[in-house]
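Below are the chains, spelled out letter by letter.
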Amino acid sequence: MLIKSKCRHCLRAEIERENARLKLVKDQVRAIESAHRKELAEHKHPMVGELARLRAIGDKGAWVLVKEIFGWRNFANRRELTGCVGLAPTPHASGSIDHEQGISKTGNRRARSVLIEQAWSWVRLQPGSELTQWFNRRFAASGSECAGSASSRWARRLAIALWRYLKDGVIPAGAC
């Protein structure tokens, strides 16, 4: 009996310590989000505000994309951008064989995963845009079996459109 009660006491103490850690992390996340909202309100990061104005791009996604890709680097062309993010295609050609091997995945993992999430949000929240119409023509009829390759191609297209939007001010056609 004594051993069981001692184990319960230890378990309860461990759970309380974990709960205290969780509370600390939640407080830190709230502080960071509050600082981000304050900086957005003060227009300290105009690129984040510009991206967040697009319906399918949220504040958190805009922060990640600006901090990880667009805020610190100037890209000469779309190939540099997709290479930095890891969404560049990797063709394979050997003799008469010529096929696509998928994406390189050598770039920024955090930005790539956010772009893929943003791309799926774009399909849902920007149904009238040309990007969504391209996606629907290209991949919607084929069903879920090509979702993996579709998401990387779709994210690559969205990354290029967002880069052009931030660089030249060209809003993706049909977007709001």
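Bear in mind the structure is a predicted one, so any value in this text is a computation, not a measurement.

S.K.: Is there a simple way to think about the nonpolar core in this case?
M.R.: Buried together is how nonpolar side chains tend to be arranged in soluble globular proteins. Formed by 39 residues in total, the largest nonpolar core has its most connected members in L51, I69, F70, L81, L115, W122 and L162. The set of elements that each furnish at least two residues to this core consists of α2 (46–53), α3 (59–70), α4 (78–85), α5 (109–125), α6 (130–139) and α7 (147–168). For this core, the element with the highest residue contribution is α7, accounting for eleven residues. Residues contacting L162, with those up to four places away along its chain left out, are L51, L54, I57, L65, F70 and L115.

S.K.: Where do I start with the layout of surface pockets in this structure?
M.R.: To locate leftover empty space, one rolls a probe as large as a water molecule over the atoms. Approximately 170 Å³ is the volume found for the second largest pocket. What lines the second largest pocket is V29, I32, E33, H36, R37, L40, D59, K60 and W63. A per-element tally of the lining of the second largest pocket places helix α1 (residues 2–41) first, with six residues. Class assignment for the residues of the lining of the second largest pocket results in four nonpolar, one polar and four charged.

S.K.: Would you mind showing me how to read the environment of A155 here?
M.R.: Along the polypeptide, A155 turns up in helix α7. The class of A155 is buried, set by a relative accessible area of 0%. Along the sequence, A155 and W120 sit 35 residues apart, while their C-alpha atoms lie 8.3 Å from each other. A155 has contacts with L87, L115, I116 and A119, leaving out every residue within four places of it along the chain.

S.K.: Help me out: how do you make sense of the packing of α3 against α5 in this one?
M.R.: The packing of two helices is summarised by the inter-axis angle and the distance between the axes. Direction vectors running N to C along α3 and α5 enclose 145°, while the axes themselves pass 9 Å from each other. Once α3 is placed against α5, the crossing between them reads as left-handed. Across the interface between the two elements, G61, V64, L65, E68 and I69 of α3 pack against R110, A111, V114, L115 and Q118 of α5. Residues that form the contact of α3 with α5 fall into these classes: six nonpolar, two polar and two charged.

S.K.: Would you mind showing me how to read the packing of aromatic side chains here?
M.R.: Aromatic ring pairs are reported here in terms of the distance separating the ring centres and the angle at which the planes meet. Within the structure shown, the criterion is met by three aromatic pairs. Arranged with centres 5.4 Å apart and planes meeting at 35°, the rings of F135 and W154 form a pair that is tilted. Of this pair, F135 sits in helix α6 while W154 sits in helix α7; the two residues are 19 residues apart in sequence, bridging distant segments of the chain. F135 sits in the buried class, given a relative accessible area of 6%. By way of ring pairs, the aromatic residues W120, W134, F135 and W154 are connected into one cluster. Taking NZ or CZ as reference, R157 lies 4.1 Å from the ring centre of W134, over its face.

S.K.: Even after reading the chapter, I still don't get the pattern of salt bridges, so can you show me in this structure?
M.R.: For side chains of opposite charge, pairing can occur when their charged atoms come near one another. As enumerated under the stated definition, the model contains six salt bridges in all. R21 is paired through a salt bridge with E18; the nearest N and O atoms lie 2.5 Å apart. Here R21 pairs with E18, and both are found in helix α1, just three residues apart, close to one helical turn. Residue E18 is classed as partly exposed on the basis of its relative accessible area of 43%. Residues K23 and D27 are paired through a salt bridge, measuring 3.1 Å at the closest nitrogen-oxygen approach. Remark: D27 and K23 occur in helix α1; sequence separation between them is four residues, near one turn of the helix. Through salt bridges that share partners, K23, D27 and R30 make up one connected network.

Cut-offs used in this document
- Per chain, the residues get numbers from 1 upward, laid out in the order the sequence is written.
- Reporting of local features is limited, given that this is a predicted model, to residues whose pLDDT is at least 70; pairs of side-chain atoms are given and counted only at 80 or more, and all residues count toward the totals for whole chains, interfaces and linings.
- As a rule here, side-chain values cover all heavy atoms of the structure and leave hydrogens and water aside.
- Nonpolar core, defined: a set of buried Ala, Val, Leu, Ile, Met, Phe, Trp, Tyr and Cys residues in which side-chain atoms within 4.5 Å join the residues together.
- Exposure categories follow from relative accessible area, calculated using a 1.4 Å probe and restricted to protein chains: below 20% of the type maximum is buried, above 50% is exposed, and the middle band is partly exposed.
- By the criteria applied, helices consist of DSSP H or I runs no shorter than four residues and strands consist of E runs no shorter than two, each listed in order from the N terminus.
- By definition in these notes, contact holds between two residues if any of their heavy atoms fall within 4.5 Å.
- Think of a 1 Å grid over the protein atoms and nothing else: a 1.4 Å probe that fits but is trapped marks a cavity, an open set flanked by protein within 12 Å on at least five of seven lines marks a pocket, and residues with an atom within 4 Å of a point count as lining.
- Grid points are joined across faces, edges and corners, and a volume is the space filled by probe spheres set on the points.
- Under this grouping Gly is polar, as are all residues other than the nonpolar Ala, Val, Leu, Ile, Met, Phe, Trp, Tyr, Cys and Pro and the charged Asp, Glu, Lys and Arg.
- All axes are obtained by fitting lines to C-alpha atoms, using only the stretch in contact for helices, and the reported angles, taken between N-to-C directions, cover 0 to 180 degrees.
- Crossing handedness follows the turn of the near helix against the far one: under a right angle anticlockwise gives a left-handed crossing, and clockwise gives a right-handed one.
- Between the rings of Phe, Tyr and Trp (Trp by its six-membered ring), a pair exists once the centres lie within 6.5 Å; its type follows the angle of the planes, with under 30 degrees stacked, over 60 edge-to-face, and the other angles tilted.
- Whether a charge sits over a ring depends on NZ of Lys or CZ of Arg being within 6 Å of the ring centre and within 35 degrees of the ring normal.
- Salt bridge criterion: a side-chain nitrogen from Lys or Arg within 4 Å of a carboxyl oxygen from Asp or Glu.

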